[in-house]
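Remarks on the overall topology
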Amino acid sequence: MKVYLDGEEIAFPENSPSKGDVLASVKETLGRKARLIRSIEVDGTEMDEEGFLALSGGTEARFEGRPVREFLAETLADASEYQKRLAAGLARAADHLEADRTGEGLELVGKAAEGIGWVLQVIHNSQLLLGLDDGEVGSGGLGETKTALLSELENASRSVEEGKPLELAYTLRSGILPRIESLGGYIGALKDIGDSTVQ
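Residues numbered from 1 in each chain as written. Predicted model: local features only at pLDDT ≥ 70, side-chain atom pairs only at ≥ 80, totals over all residues. Heavy atoms only, no water.

Observations regarding the overall build of the chain
Tallying secondary structure elements over the chain gives six helices and five strands in all. Counting from the amino terminus, the chain carries its helices and strands in the arrangement β-β-α-β-β-α-β-α-α-α-α. Expected size for 199 residues packed as a compact globule is a radius of gyration near 16 Å; at 22 Å, the chain overshoots this value by more than 25%. With the principal axes as the frame, the chain shows a C-alpha extent of 65 × 35 × 20 Å. Considering only residue pairs separated by 6 or more positions, the chain has 68% of its internal contacts joining residues 24 or more positions apart. (Helix = DSSP H or I, 4+ residues; strand = E, 2+ residues; numbered from the N terminus. Rg over C-alpha atoms; globule rule 2.2 N^0.38 Å. Contact = heavy atoms within 4.5 Å.)

Shown next as structure tokens:
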């Protein structure tokens with residue numbers, strides 16, 4: 001299989017390297033240039049990394065890279081937009097729970113829990129890419145915000161298990177929602193740092 005990265009052929013010491021070796025080599029080459037994989041195409045078909053690794057055969061693989069800076073800016077912009085929708089969804093969930101529409105409220109809470117996990121993961125990954133500790137982001141209180149949020153999520157989980165919708169609504173409004181709103185400021189701070197420091 002011929003392998004191209006950003007239009008240039010990559011030569012491998014052995015004639016038929018494994019898909020894992022190809023992918024590792026591409027990532028390493030891109031990493032040295034502060035780039036990540038944008039797309040993978042084998043014989044004209046676009047696929048993700050898992051698809052590439054599972055592939056048997058193929059005559060030509062084309063990898064395109066993109067600057068980490070671009071990826072980071074795009075991901076943080078998505079997270080910022082999503083964080084606003086997440087806050088609105090949590091408020092709606094509390095409204096439903098307080099209006100005795102428990103089923104609808106719990107459904108929204110379930111979706112919000114997944115969303116909170118995603119936002120926290122984006123923040124964590126961005127910190128890793130930028131080499132920042134919690135205290136170096138925004139006002140410096142990111143670590144406390146995350147700890148308080150996780151504690152409130154445990155309270156919410158307990159309320160769900162014990163079947164206490166009004167208690168859950170209170171935890172959403174007074175405990176979780178304010179922390180989600182403050183995460184917006186930290187996402188913005190990460191975006192500013194990324195724009196100014198990543199080359």
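Brief notes about the side chain of Ser 159
Positionally, Ser 159 belongs in helix α5 (residues 142–161). Those residues within four positions of Ser 159 in sequence are excluded, and the remaining contacts are Lys 164, Glu 167, Leu 168 and Thr 171.

Side note on the confidence of the model for the chain
In the predicted model, the chain carries a mean pLDDT of 92, and 98% of its residues have values of at least 70. Within the chain, strand β2 (residues 8–10) has the poorest average pLDDT of any element, 91, and α5 the best, 96. (pLDDT = per-residue confidence, 0-100.)

Considering the nonpolar core
Most often, soluble globular proteins have nonpolar side chains that are buried together. Counting residues in each nonpolar core, the largest one holds 33 residues, and the members touching the most others are Leu 90, Leu 172, Ile 176, Ile 180 and Leu 183. When contributions to this core are tallied by element, the ones reaching two or more residues are α3 (68–98), α4 (102–130), α5 and α6 (165–197). Here this core takes 11 residues from α6, the largest share from any one element. Dropping the residues within four chain positions of it, Ile 180 is found in contact with Gln 83, Leu 86, Ala 87, Leu 90, Ile 116 and Leu 149. Formed by 15 residues, the second largest nonpolar core is a distinct cluster that contains Leu 30, Ile 37, Val 42 and Phe 63. (Core = buried A, V, L, I, M, F, W, Y, C linked by side-chain atoms within 4.5 Å. Buried < 20%, exposed > 50% of the residue type's maximum accessible area, 1.4 Å probe, protein only.)

Description of the pairing of strand β1 (residues 2–5)
Here four bridges tie β1 to strand β5 (residues 60–67), and the two strands are oriented parallel to one another. For Tyr 4, the partnering residue across the bridge sits in β5 and is Arg 62. Judged from the three bridges that link them, β1 and β2 form a sheet pairing that is antiparallel. Along β2, the bridge assignment pairs Leu 5 with Glu 8. A loop of two residues connects β1 with β2, the two strands running antiparallel in sequence, and Asp 6 in this loop sits at a positive phi of about 50 degrees. (Pairing = 2+ DSSP bridges.)

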